[in-house]
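This is what each chain is made of:
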Amino acid sequence: MTWAVPRTLAAREVLRATAALFQLSWPSCLPLALLGVLASGAPGAEAVSSGEARGLSHSREWWGLYLASMLLTLLCYGAVLLRQKALVQGVPLGAFDALRRSARVLPQAVASALLYGVAAPLVLPLVYLSLAWTLAVWEGLSPLAACRRSIALVRGHALALSGSYLATLAAVLVFVMLVGIFFGVIMTLAGQAGARAGVAISRVLFAGLLSLPVVFVSAMLVSVCGALRARLEPQPG
């Protein structure tokens, strides 16, 4: 299967391009996504194993682990984006090179992600800011520059993009629900002894399956950015 820029921003076209890029990129991007998923789950696993309360009541060590895990998660997810961008451009980019490039723009990526997180509780038009983190990773833009660039790209296409985002969210939620049901059945069949013996393996397998939506969502962002940039910056001829 080959990838092409979506002809329109209709959800069907965007998801078609997303599925094509996902199929092309998941073998090379899955290890990076898996590392990011495992990193994001480390604070929760540590809180459970140490018996700490939920919420904000944690030790300084736990908050240090949380910060490190979030940085590693954004580093890995940024590397996934960069590898997929290189793939559609036909430029070879290895995993370590992608991580190195992602590390160079990590401050901008972190700041853009935090800015988007602040915007969410304020009920700002999040669709217009939805590409800020992607652009910060791709182009090394400052948070405000990435937000302005995202708004410029999305302007006039917010309604169509909302449909694509909702369709992607629905697909991811269904997949996660099915994964949860699958592992629940497996653990029930294995019984208590089998569950205790295979808990580490099951966690890795579960994280591996949850890494697939990460690659899929990243492919959707690459497809959307490709389509919007092609419209805003048409090629000569």
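Here is a short report on the structure shown in this document. (Residues numbered from 1 in each chain as written. Predicted model: local features only at pLDDT ≥ 70, side-chain atom pairs only at ≥ 80, totals over all residues. Heavy atoms only, no water.)

Among the nonpolar cores identified, the biggest contains 47 residues, and Leu-131, Trp-133, Val-137, Trp-138, Leu-161, Val-224 and Leu-228 are the most heavily contacted of them. Breaking this core down by element, the ones donating at least two residues are α1 (11-50), α2 (60-89), α4 (106-119), α6 (132-139), α7 (143-154), α8 (158-197) and α9 (199-232). Sort the elements by how many residues they give to this core and α9 lands first, with 12 residues. Beyond its immediate chain neighbours, meaning those up to four positions away, Val-224 contacts Val-14, Leu-131, Leu-161 and Tyr-165. Listed in part, the 6 residues of the second largest apolar core include Ala-119, Ala-132, Ala-146 and Cys-147. (Core = buried A, V, L, I, M, F, W, Y, C linked by side-chain atoms within 4.5 Å. Buried < 20%, exposed > 50% of the residue type's maximum accessible area, 1.4 Å probe, protein only. Helix = DSSP H or I, 4+ residues; strand = E, 2+ residues; numbered from the N terminus. Contact = heavy atoms within 4.5 Å.)

Counting across every chain of the model gives 4 aromatic pairs. An angle of 15° between the planes, with centres 5.4 Å apart, marks the rings of Trp-62 and Tyr-66 as stacked. Within this pair, Trp-62 and its partner Tyr-66 are both found in helix α2, separated by 4 residues, close to a single helical turn. Judged by relative accessible area, which is 34%, Tyr-66 ranks as partly exposed. Judged by centre distance (5.6 Å) and plane angle (75°), the rings of Trp-63 and Tyr-66 are edge-to-face. Separated by 3 residues within a single helix, Trp-63 and Tyr-66 lie in helix α2, roughly one turn from each other. By way of ring pairs, the aromatic residues Trp-62, Trp-63 and Tyr-66 are connected into one cluster. (Phe/Tyr/Trp six-rings, centres within 6.5 Å; stacked < 30°, edge-to-face > 60°.)

A turn of α-helix holds 3.6 residues, and therefore any two residues three or four places apart point the same way. Within α6, 7 of the 8 residues are buried, leaving the element largely enclosed by the surrounding structure. Those residues of α6 that sit buried are Ala-132, Trp-133, Thr-134, Leu-135, Ala-136, Val-137 and Trp-138. Positioned one or two residues after α6, Gly-140 has a phi angle of 65°, which is positive.

Side chains that differ in sign of charge can pair as their charged atoms come close. Enumeration over the complete set of coordinates arrives at 4 salt bridges. Two residues, Glu-13 and Arg-16, come together in a salt bridge whose shortest N-O distance is 3.2 Å. Taken as a pair, Glu-13 and Arg-16 lie in helix α1 at a separation of 3 residues, close to a single helical turn. The closest approach of N and O atoms between Arg-100 and Asp-97, which form a salt bridge, is 2.2 Å. In this pair, Arg-100 and Asp-97 are both assigned in helix α3 (residues 95-104), 3 residues apart and thus about one turn of the helix distant. (Salt bridge = Lys/Arg side-chain N within 4 Å of Asp/Glu carboxyl O.)

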